[in-house]
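# Coordinate analysis (summary)
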Amino acid sequence: MTQASTVNVYRLALNNRYGWVASIYPDAQFDRVIHNQLGKAKRQSQSLTAFQQALLACDPDQGVRHQLIGTVARGDQVDQARLIVRDLRQFAPDQVLGQTISSLYFYGLALPGTNDSGVALADLRQLMQKYPQVQFGWPADPAGYRQQMAGGSSAYAIQRARALKHWFDQGDPDLAWLYAPSPARANYQQAFAWLKQNAADDITSWYYDQPSATTGMIWHFTDINNMANILSYQEITSKNWGTQQRVIENDNAASSVNDAATKPWVHDYARFYLRPKTPTQYRNEGIYQYYGDQPDFKTLPKSLVNRAQTGFWTDGRPAHLPVPVFIGFSLRKFLQQGGHLVKGSLAGKRVADEPAAMFDDDCSFLKEHVQQIYSEWGAPVWLKHTEFVFPQRMHFNASDILRIVVRSEAEKLVLLTLLTEHDSTLFSKKGTHQQIDVQRYIDRIVVDPRFFYYNGSTVQTGVVPAMGANQYQLALQPTVAPANLTRQVQPFGFTKEVNGNQLRVAVPALKQVTLQVRDVNGEVKPVARFHDPDWILGTNEWIPTKAQQEISAARGYQLQPRYYSALYYHGHYYKLWRAMGSAEWHLATTNEVTNILAPADRATLKRVEESFSATFADNSASAAGGLDVASTPANQPNSAAPAAGTMDGQPVITTYPMPSIMPGSASAATSPASGSPVPASSANPASSADPVDDDDDDDMFLLF
């Protein structure tokens, strides 16, 4: 076999304890094996294993002792696992570091268990008891495995069932449950079958996604600023995890609903609702302005006051979520990945001291109460707040997003503007830009009035001046008193770190507009971010490297510098590029010439693009020359903008490494280093993840 067709399996010694890795690199290049393992550990989105932690903590000067224990065919995951298990058996349990060897029973291959190279099921169970810190890819508790299958049959469950078929064929009675009907699956299916048959048509979109034919959805409800971070980092976290990572700065809960009303363990889970339009949302949704220190409660919106109209609905400070956005996922998929349905709400005195007592892992509670959970009127509040929870943090990909729901076309534009700015200011690598590209889910960002109460003010589109460059003319409706509204306008620009250098970017022809409202609690909150012209979300310049120019010349053409622009133009999202000196724009996805722009808008976009400039602070390299560093109009991306999310009526004010939506804000977070973005958090318990940002070959300085 050639080297490319084989995999080497190594045993690593770390302070007299051992772990195992597999790599295509030979023993002579073991330093590359370690480099790759360290990189994986640093990018790991889930909890690190004991082996990964030990590897990160080892002294690089002393190196890592290793032993090549064998070579297997590159695609033979099962043989690889057998080799590791055979070597592992010679060590005492306290000598073996915790790690995952999931390939042993996770592949659809017949596994011989009668010879020396095989591992019989009984032997595997003994191994699991002897080395409990090692994950062998078999559930220690079959009941726990059933819970993962609660959503019904899927590729996730089928794959594992097929891999275990060998033992089932041997007549092992303990495995019969794999093919037996699942009570959880049956309850799940019956609950939603009843809902489809009996519920009103106008709530179908709450639990059913037509494009993907998904039945059963979970919804995370948070402020638009948090949502931009969630989508940029592709992760939603628990409150405790976010606090430990220093991404949640303040817990701005309503005075009557605070940590005393919530069990401590609840804050270890990322939390979701099964539906929109909960009682909490009724109280929190919308932009509420400041009404004075002694307001006339009889004149205030009913959603803010108590029934007697003598005070706020809380005992003091009302919770407030100015611009709400929903993101929806498949309930079944994330049940199978380790999440749990809950028996009602996790707020209040009825919540048990231990999480297991609250979990509805057989879906019987869902089946029994589905009518009340999705009821618009008359059902108990704690049932309408029925939750789904995921331990610590829930990572997702763009393909997992079923729907993102906003209140208005204007708020959709604000979200797209924030996402484009995040992409430009927080990330520098081509692979990351591709992973979080808005085009991967733009068709799932929708305006749906059935999800909202439209309490307070909303960002809406107004009348566009005939001679202006804007298309939407954003404004707040109902209007907010001038004393409570601030509009800040400045040239767009930012500073970020790229490969250890400070890159300063300025686009002076593109204005950045921020609307801020003094809210019901007397605090200044950002409620909208857009540009002028508002249809230009962002632009950047790309200059080919010398190597790229040489390659293009060898192929018979000249590779020209380009401008790339993201637009939301007449209700459609586009990414375009234009070669410098050219008057033609191309669709970035197909490279086809496009004529979507009106003549006046072509001139506007050309003017904005050509105002772009970028300079490294130390002048050692330049993405585009001509920028006076001393006079760069730049918003520092490490300015922290507070944005409130909510759960159980408890908003959480969080800070993010994001372009300042409140210029001059005193609060700040550490600027993320290139290649290791700082996780962010959103509502109780919203958050963000760290996408892989490791494309070392990216030398284009793409900003989105």
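Thresholds applied
Residues numbered from 1 in each chain as written. Predicted model: local features only at pLDDT ≥ 70, side-chain atom pairs only at ≥ 80, totals over all residues. Heavy atoms only, no water. Helix = DSSP H or I, 4+ residues; strand = E, 2+ residues; numbered from the N terminus. Buried < 20%, exposed > 50% of the residue type's maximum accessible area, 1.4 Å probe, protein only. Contact = heavy atoms within 4.5 Å. Areas by Shrake-Rupley, 256 points an atom, 1.4 Å probe, with all protein chains shown as cover. Pairing = 2+ DSSP bridges. Salt bridge = Lys/Arg side-chain N within 4 Å of Asp/Glu carboxyl O.

## Things to note about the overall build of the protein
- Along its length, the protein carries 19 helices and 28 strands.
- Sorting the 704 residues of the protein into buried and exposed places 55% on the buried side.
- Sequence-distant contacts, at least 24 apart, represent 70% of the contacts inside the protein between residues at least 6 apart.
- By element, 49% of the accessible surface of the protein is carried by carbon and sulfur atoms, the whole surface being about 29,300 Å².

## Thoughts on the environment of Asp 59
- With respect to the helices and strands, the residue Asp 59 is situated in the loop between helix H2 (50-57) and strand E3 (65-73).
- When the C-alpha positions of Asp 59 and Leu 14 are compared, they lie 9.6 Å apart, and in sequence the two are 45 residues distant.

## Quick notes on the pairing of strand E22 (residues 562-569)
- Most of E22 sits out of view: eight of its eight residues are buried.
- As paired strands, strand E21 (residues 536-542) and E22 are joined by six bridges and run antiparallel to one another. By the bridge assignment, Ile 536 is partnered in E22 with Leu 567.
- Note: E22 against strand E23 (residues 572-579), eight bridges, orientation antiparallel. Within E23, the residue paired with Tyr 564 across the bridge is Trp 577.
- The turn linking E22 back onto E23 is made up of two residues, and His 570 within it adopts a positive phi angle of 50°.

## Overview of the pattern of salt bridges
- Overall, the coordinates contain 17 salt bridges when judged by the stated rule.
- The closest approach of N and O atoms between Arg 407 and Glu 411, which form a salt bridge, is 2.7 Å.
- Classification of Arg 407 by relative accessible area gives buried; the value is 2%.
- Take Glu 411: its relative accessible area is 1%, and that puts it in the buried class.
- One salt bridge connects Glu 610 with Arg 578, and the closest N-O pair in it is separated by 3.5 Å. Linking Glu 610 in helix H19 (residues 599-610) with Arg 578 in strand E23, this pair joins segments that are 32 residues apart in sequence.
- The class for Glu 610 is partly exposed, based on a relative accessible area of 40%.
- The buried category is assigned to Arg 578, whose relative accessible area is 0%.

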